[in-house]
Structures are given as structure tokens and as C-alpha cells.
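# Breakdown of the fold
Chain residues, written in single-letter form:
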Amino acid sequence: MIEPFGNQYIVARPVYSKNVFGEQHKKKHRYHKTFLDHLRECCSCSSQKAKKIALSLFPIASWLPAYKIKEWLLSDIVSGISTGLVAVLQGLAFALLVTVPAGYGLYAAFFPVIIYFFFGTSRHISVGPFPVLSMMVGAVVSRLVPDSSSDAGTSDNNLLGNDTTLLDQQRVMVAASVTVLSGIIQLILGVLQVGFVVIYLSDSLISGFTTAAAIHVLVSQLKFMLQLTVPAHTDPFSIFKVLQSIFSQIEKTNIADLVTSLIILLIVFVVKEINQRFKAKLPVPIPIELIVTVIATGVSYGFDFQNRFKVAVVGKMQSGFQPPLTPNVEIFQDTIGDSFAIAIVGFAVAFSVASVYSLKYDYPIDGNQELIAFGLSNIFSGSFRGFASSTALSRSGVQESTGGKTQIAGLLSAIIVLIVIVAIGFLLEPLQKSVLAALALGNLKGMLMQFAEIGRLWRKDKYDCLIWIVTFLCAIVLGLGLGLAASVAFQLLTIVFRTQFPKCSTLANVGRSNIYKNRKDYSDMYEPEGVKIFRCPSPIYFANIGFFKQKLIDAVGFNPLRILRKRNKALKKIRRLQKKNLLQVTPKGFICTVDNIKDSDEELDNNQIEELDRPINTDDLPFQIDWNGDLPANIVVPRIHLHSLILDFSAVSFLDTSSMRGLRTILKDFLRIQVDVYIVGIDDDLAEKLTRCQFFDDEVKDSIIFLTIHDAVLHILMKKDDSISKFNPSQEKEMKYDFTINTNGGLRNREYQNMCS
């Protein structure tokens, strides 16, 4: 019973072990579905289920009929136009990261948006090229189709001839094949309903990885800003080789490209900062990328930069679409690992951004359906010579901040890209590649600012900080593909470390209540004499059972197995003395009539070591042995003052069979030296598993399980309190008592019947 008393409460109930509680409160029988039940449910068919599947596969069917034309259409039109202009420029810029002609970036900015419009569940993200994914695809392209010996900085397309055209076609084929394969992987994962795979990429890992990718993007764009010939490197330490190649020919820098890119970078950074600081006052963000592109294109065309300063320009922009291509299966075999990494990273980034907007605007998103949507988008985009897509944070920010309500805004942005592809793309032909490189770098500010995460993570969680740093270093040194794999492995390893070396503690009572905390953290603590309360805050399994045992031994101050062996050795000696009538027992203790005992410890150890680990049996002796009292001369056994050990398993989520064997051995060692052991707070399912695995036997009984620490403490004090012994069994069974801890460490008994009346 619970009675409120001001801001306190009084609880009166019996002391519960698990068995007693089970007798008084019967559990309901619950049917747990088997694998066959789940399979039968999955394969069943009904009209309601078919409708649910159709709506999940085509989310547009659920939100488009509810579209509020008067309230949302104007906002979506403004957002779509703004986002489309940004998508055109980012598509051109990110195509340089893939090392394909800039025009193919427009395909990557168009096709995925159309597919996602029908299959995606997020209403606010802008689907299309993402710098990190473009960099990862570009690394594969550079590995399989390295640069030719021709000067990459040559601006006259006629000098490049058929070799460059063939090289571009090969690169487009590789990029498209990798994109299709990554889309197939995403589609398979979505169909298999394994969208949860993204949970293995923590925020710290994604932050460190995208920051490293931003550094790769920065280094890769230097050759366009300086207009240098830099061979492709994709093996580990490639970033350092690229930097070495750049600095070794720094004197060949094209000053016109360098100055142009620096001016563009400065303008873009300043205006983006203005957009960020005054976003509440600006009706729409200033479209600085569009403005500088128009100006730079006009200046380059008007002053003939291509011929006067030998700058590299976008060049011929093919109008319209090209026919779809068939992916190369041989490329699939060479890029399966890279494609898997691209698929996972692309989905993880997009799902993270989509989750932010779904929480902000309170609508659900489906991870598995997002995998299907991005898988189909990449398959379709790759088939039409595009490259891998996800969502760019800056582009999604533009779509949301300019008032985008649904993917209607995304569809309108695709129409803007379509207009550029089929009608006005030729206007961008005089645009310098260094301007596109500067625009690509201008979108990296948010990623580069993630370096500030290191200090914040160090203060909050050093493991997360370590994951960030290791991920960043692995991605920088090993490259993005191997770096991601190594980072995920390291992250999973930290989980093993956290559970393998848990912060075990010894608990004590706080404020003479039913609250138990780490005894090192509080001053007003009460610890019952002869009782230890040990807490393990993690699962116990094969990797940490040894650590658990050592921490437990450190907490109690002795090794129970060592004490058991010492006592069995002493018992052997006492039996020898008793058989030889050399030992007399008096009320004051033992009297030994011989000074020296010939049996050595070493002899006993070597001869019958297995017997020393068995339970102590003194039934054949005519007296009882007090192991904490005085023993015969020359027989020394360590004294222990612990009579009860409580193991708090409230945070133990599982035990495997190896740890069960080890735990039972530890418990038996304590029980054999007359230390009672209690397990408290254990989950019901885990307790049932212990029973099912035959954990309990004649020594370790299931009666050692109690509901709470306080139940076990009161049970121990009742056993030790002399006042309980005056009741006969019938009286004790009829009367119910509420026990509280006195300040002197004893028990205060209170009839809760009188209290409640």
C-alpha cells in the first residue's frame, strides 16, 4: 500500500523475493509469436493490407490528394524556382568532382528528383548531387579511368581530339555503372526492410566522415582553381600525393583562374554569412551562386578569357538528353565495395536530413521506403548518364527556407533544370571551371565548421569524440571507401570496449531510505555490516565475465576461491590432528598438543588440488569450526567479515551461456565459504532464461533472486536480527511487518495494518 504524506510517500508491503512475489501475483500467460507466425502474417493478403502496401510504395498517393493549393502552391513555386537555380549550379560544380563533363551534372540534378517525387516520403529535402557522394564516385572513376597524358588544363577542345572524347565516355560509363549498382543495393536493402542499417552510422561518425570528405573535395578542386595537371590518386595516402603534385608545379598556376576563384569564394562566403545572420529578415536567401555565375559567365565571354588568359571553361554543352546506356557488368565486379559504401553514405546523409525536417514539421518518414526511393532514383539517373544522388544540405536548406511545403517544390526545381538542359545550357559554355570549383568549395563551409564538434564531443562523451577523430583520420589517410569501412569497424569496437570494461561500483544506502547509490559519491551513506552491494551496469557475456569477476573480487576484498582452498587445506590438517588425538576442543577454542605440523601446503596442493575446490564438509567432525575464530597453532586462514553479497543486475540486459557458467562458478565459490549471494533487479525474461539454461541447482537456488536491493537488504537484516527469532513460525506467518533501517543499522518493525487503519 502507498500513502502520500506531503512531498513524501510511505510504502507498506512484504519483503519480496522473486518466488514469493510470483506466488502472490500470478503472471498472465502471453503468447509469443514464432517465426512461422510472422511468416504467415507477412504472406497473408487482404484488401486493407494491399491498400497499405500501395500507399507505402507510392507515398504521393497519401499527400497529394490533401494538397492545399491556395495555401501551399505559391510557396512551392517560389521555393522550386530558387532551388532549381541552385541545383543547376551545384550539378555543374559537382560534376567536376566526378571528373566527367559538367553537363552530365545536370542529368544528376534532374532525374532523381522526378523519381523521388513519386516514391519519397520526405516533403522538404532536395534530391540531387551531394559533394561527398560525387567525391566518392569520382575516386572510383579516377581509379578505373586514369587521366591521359594530355594536358588537362588545355582550353582548346580541338586539341584534345578523339582521345579526350573517348576518355570522357569511359568516365561517364564508370560513373553511371557505379550509380546503378549503388541504386540496386539500396533497392535490395529497402525491399528486404533493412533500413535500420543506417543506425550503425552514428552522428559522430557521419560528422567526421563528411568533414574528411570536405577536405578531399577541397584538395580535388585545387587543380581547377590553379589550372594544373594533377594525376589521379585513389590509393591510401592519395590526398598527400595530390598535394605533393600540386606544390611541385605551383609555378605553373594560371593567375587568371586563381584570382577569379578567390574573388568568387570571398563573395560567396560573405553573402552566405549575411543570409545566415539575417535569415529572419530576408524574405528569401540572396541567390549568390546564380548572381556570381551570371556575372562570371558574362565577364568571361565579354573579355574572351579563354583566348586571352588561357583559362579552362565548361566548353560545349550538349543540348537535350542522350539515349540511356547499359551499365557495364565488369565494372560492377570491380566496384562492389565502393558502390556499397556510396549506397550507405548517400542514404545515411539523406535520411538524417529528412529526419530533421520530419521532426520539425511533424510528419512521418519511412526508412525502408527512402531506401527504395533513392535506389530507384540512382538506377534511373545512372541509366541516363547521371551520377549518384542524395541531398545537399545547402540545397535542402534553400528549399525549406524559401517556403517549400511539399515535393511539388522539388518537381518545379527539376523543371528549371530541364529548361537549362534543353534550351539555355549553351549560355554557360564560357563559364570558367575555376568558378564552378569555387562554388563547390563555397558549399563546404557547413562541413568544415564541423571541426568545432571535437571540443563539444570531448566535453560530452570522449568515446564519441574518439570516433569522430578516428573516422576523420581514416577517411583522410585511407580514402573515403576504406576509411568508412575502418570507421564503422572502430565504432563497433568502441561498443565492445564499453561493455567489456563497464564501470562497476559498490552501492550503499542513502538517507536511510530505499535508495542505493555509489558509496563514493555521497557522504551520508549507510552500509549494513557484513553486506556488500555490487552493481554491474552492462550486459555480461564471454568477453567481460573475467573483468566482472576481478571487479567483484576487488569490491569484496578477497578471492572466494582462494579462501575456499585455504579452508579446505586447514580442514585436512585439523582432521589429521583430530585422528591422531593431537587436538582438544574447549569452550575457549582449540588446544593443539603438538607444535609442528609436517604436512606442507605444497604437498596438499600437488596431491589433491581438485578436492580443495569442493564444498567444505565438517559433518564427520564432532565439533563446528568458526573460521573467523582462533584455529589450532600453525593453521592460518584469512578471516572474512562478509556474510552477504548482493548483485544488482538491474542494468544487465543479457547473459550468454559462457558468462552463465562463469557466474555460477563465482556464486558457488562465495556460497561455499558461507557468504550468501542475492541477485536483484534482474529482468523477468533474463530470469526465465537462467531457469531455462539450468543455471540453478542444489547450491545456487532460484530463491536468491529478489525484486529490489532494499528487499534483499531487509531480508538479510531480518535473518540476522535477533528479534525475529522470538516469533514462532505460525505467529511469523500470520503477522506482516514493514521494516525500515534505523540510524544505528538495525531494524525498526512496524505493523502496517495499524499504520493503514
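Here goes a summary of the coordinates provided.

What counts, and where the lines are drawn
Residue indices follow the written sequence of each chain, beginning from 1 at its first position. Predicted model: local features are reported for residues with pLDDT of at least 70 only, side-chain atom pairs are reported and counted for 80 or more only, and whole-chain, interface and lining totals are derived from all residues. To get the side-chain values, all heavy atoms of the structure are used, and hydrogens and water are removed first. Here, nonpolar core refers to any group of buried Ala, Val, Leu, Ile, Met, Phe, Trp, Tyr and Cys residues whose side-chain atoms link them within 4.5 Å. Accessible area is worked out with a 1.4 Å probe on protein chains only. A residue is then buried under 20% of its type maximum, exposed over 50%, and partly exposed in between. Helix and strand definitions here come from DSSP, where helices need a minimum of 4 consecutive H or I residues and strands a minimum of 2 consecutive E residues; each element is numbered from the N-terminal end. Between two residues, a contact is recorded if the distance between any of their heavy atoms is within 4.5 Å. A fitted line through C-alpha atoms serves as each axis, taken over the contacting stretch for helices, and the angle formed by two N-to-C directions is quoted from 0 to 180°. Throughout this description, any angle smaller than 35 degrees is read as roughly parallel, any larger than 145 degrees as roughly antiparallel, any in the 65 to 115 degree range as roughly perpendicular, and the remainder as oblique. The crossing is said to be left-handed when, going from far helix to near helix, the turn is anticlockwise and less than a right angle, and right-handed when the turn is clockwise. Residue polarity is assigned by list, with Asp, Glu, Lys and Arg as charged and Ala, Val, Leu, Ile, Met, Phe, Trp, Tyr, Cys and Pro as nonpolar; anything else, Gly included, falls into the polar class. Two aromatic rings, drawn from Phe, Tyr or Trp (for Trp, its six-membered ring), form a pair once their centres lie within 6.5 Å of each other, and the interplanar angle then sorts them: stacked below 30 degrees, edge-to-face above 60, tilted otherwise. Look at NZ for Lys and CZ for Arg. If either is within 6 Å of the ring centre and within 35 degrees of the ring normal, a charge sits over the ring. To count toward a patch, a residue needs a relative accessible area above 30% and no salt bridge. Like charges then connect within 9 Å, nonpolar side chains (Val, Leu, Ile, Met, Phe, Trp, Tyr) within 5 Å. Residue burial considers only the protein chains on display, and all accessible areas are found by Shrake-Rupley using a 1.4 Å probe. Salt bridges are defined as contacts in which a side-chain nitrogen from Lys or Arg sits within 4 Å of a carboxyl oxygen from Asp or Glu.

### So, the nonpolar core
- Of all hydrophobic cores here, the largest spans 113 residues; its most connected members are M136 and L436.
- Among the elements that take part in this core, helix 9 (residues 203-226) stands out by supplying 12 residues, more than any other.
- Ignoring sequence-local partners within four residues, the contact set of M136 consists of F209, A341, I342, V345 and L480.
- In this structure, A555, L564, M660 and L690 belong to the second largest nonpolar core, which totals 38 residues.

### A word on the packing of helix 5 (residues 69-98) against helix 6 (residues 104-119)
- With their axes 7 Å apart at the nearest point, helix 5 and helix 6 run at an angle of 130 degrees to one another. By the angle class used here, helix 5 and helix 6 are oblique. As for how helix 5 packs across helix 6, the hand of that crossing is right-handed. Each of A87, V88, G91, L92 and A95 in helix 5 lies in contact with helix 6, whose residues at this interface are G105, L106 and A109.
- Here the contact of helix 5 with helix 6 is built from residues that sort into 6 nonpolar, 2 polar and no charged.

### Side note on the packing of aromatic side chains
- Inspection of the entire model under this criterion finds 31 aromatic pairs.
- Aromatic side chains Y16 and F21 sit 5.1 Å apart centroid to centroid with 85 degrees between the ring planes, which places their arrangement in the edge-to-face category.
- For Y16, a relative accessible area of 7% corresponds to the buried category.
- The class of F21 is partly exposed, set by a relative accessible area of 32%.
- The interplanar angle of 75 degrees and the centroid separation of 5.5 Å between the aromatic rings of Y678 and F706 together place this pair among those described as edge-to-face. On the criterion of sequence distance, the pair formed by Y678 in strand 12 (residues 676-680) and F706 in strand 13 (residues 705-706) is long-range, its members being 28 residues apart. When sorted by exposure, Y678 lands in the same class as F706, which is buried.
- An aromatic cluster of three or more residues is present, and its members are Y104, Y107, F110, F111, F321, F380 and F384.
- The side chain of R123 reaches across the aromatic face of Y363, ending 4.7 Å from its centre.
- Over the ring of W458 we find K462, and its NZ or CZ is 4.8 Å from the ring centre.

### A few points about a nonpolar patch on the surface
- A cluster of nonpolar side chains, L266, V270, I274, F278, I286, I291, I295, V299 and F303, forms an exposed patch at the surface whose accessible area comes to about 760 Å².
- Of all the secondary structure elements, the ones that give two or more residues to the nonpolar patch are helix 11 (255-277) and helix 12 (288-302).
- Mapping F303 onto the fold places it in the loop between helix 12 and helix 13 (305-308).

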